Structures are given as C-alpha cells and as structure tokens.
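Coordinates in review
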Amino acid sequence: MFTMSDLKNTRYYQEVRYESELNLVIRQLERRIGGISQDLQVKINKLSVEDLENLGLALLDFTSKADLVAWLNDKANLVS
C-alpha cells in the first residue's frame, strides 16, 4: 500500500513542494520590495528548501532590495 509518507519521499512531491515554496517566496519578495532582477531570481532558484523557508521568514524584515542582496550574500559566504 502506498502511504502519504511514501508520497512525500518521492522526487515528484519534493519538486512540487520546492516549486510551490519558490513561487510563494518570489511573490512575497515582489510584494515586499518590488520587482526582482533576473540575477537575483537565479540566486534564489539555487536555494535549498530549508534556505527558501529561512528567506521566507527573513523577508518579513526587509525594507529594500539591498536587504535581499545582503541576505543572499551572507548565505553565499556561509556556503563558501
């Protein structure tokens, strides 16, 4: 029998979840700080699900695109 737990572990489910979270964060950022450049969108697209969730929380404190850039740069520095 195929359970909900089995479904959540499928690649398809993970991809749909990621896309849903990505779309939500992008929409929230656009509403909060205005349009987002293609360059910034590319950087956001590379984030893990956990990082997208963290960005979703952090953006509540953003007041400008500079805040997003700083957050992404901090994230990149942590990975490097």
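These remarks concern the structure in this document.

Reading the values: the criteria
- In this convention, every chain numbers its residues from 1, walking through the sequence in written order.
- Local features in this predicted model are restricted to residues of pLDDT 70 or higher, and side-chain atom pairs are both shown and tallied only at a pLDDT of 80 or more, whereas totals for entire chains, interfaces and linings draw on every residue.
- For side-chain calculations, the full set of non-hydrogen atoms in the structure is used, while hydrogens and water are omitted.
- Definition of nonpolar core: a set of buried residues of the types Ala, Val, Leu, Ile, Met, Phe, Trp, Tyr and Cys, connected through side-chain atoms within 4.5 Å.
- Accessibility here uses a 1.4 Å probe with only protein chains present; expressed as a share of the type maximum, an area under 20% marks a residue as buried, one over 50% as exposed, and anything in between as partly exposed.
- Runs of H or I in DSSP of at least four residues are treated as helices and runs of E of at least two as strands, each being numbered from the N terminus.
- In the sections that follow, a salt bridge refers to a side-chain nitrogen of Lys or Arg positioned within 4 Å of a carboxyl oxygen of Asp or Glu.

1. A word on the nonpolar core
Counting residues in hydrophobic clusters, the biggest one holds 18 residues, and the most contacted among them are Leu29, Ile44, Leu55, Phe62 and Leu68. Every element with two or more residues in this core is listed here: α2 (11-33), α3 (38-45), α4 (49-58) and α5 (65-79).

2. Some words on the pattern of salt bridges
Close approach of charged atoms lets side chains of opposite charge pair. Tallying each qualifying case throughout the model produces 4 salt bridges. Note that arginine 17 is salt-bridged to glutamate 21, the shortest N-O span being 3.1 Å. Note that arginine 17 and glutamate 21 are positioned in helix α2 at a spacing of 4 residues, about one turn of the helix. Residue classification places arginine 17 among the partly exposed positions, given a relative accessible area of 31%. Residue classification places glutamate 21 among the buried positions, given a relative accessible area of 17%. The partner of lysine 75 in a salt bridge is aspartate 51, with the nearest N and O atoms 2.9 Å apart. Residue lysine 75 is located in helix α5, and its partner aspartate 51 is located in helix α4; the two are separated by 24 residues in the primary sequence. Among the charged side chains, a network of salt bridges with common partners joins Arg17, Glu21 and Glu53.

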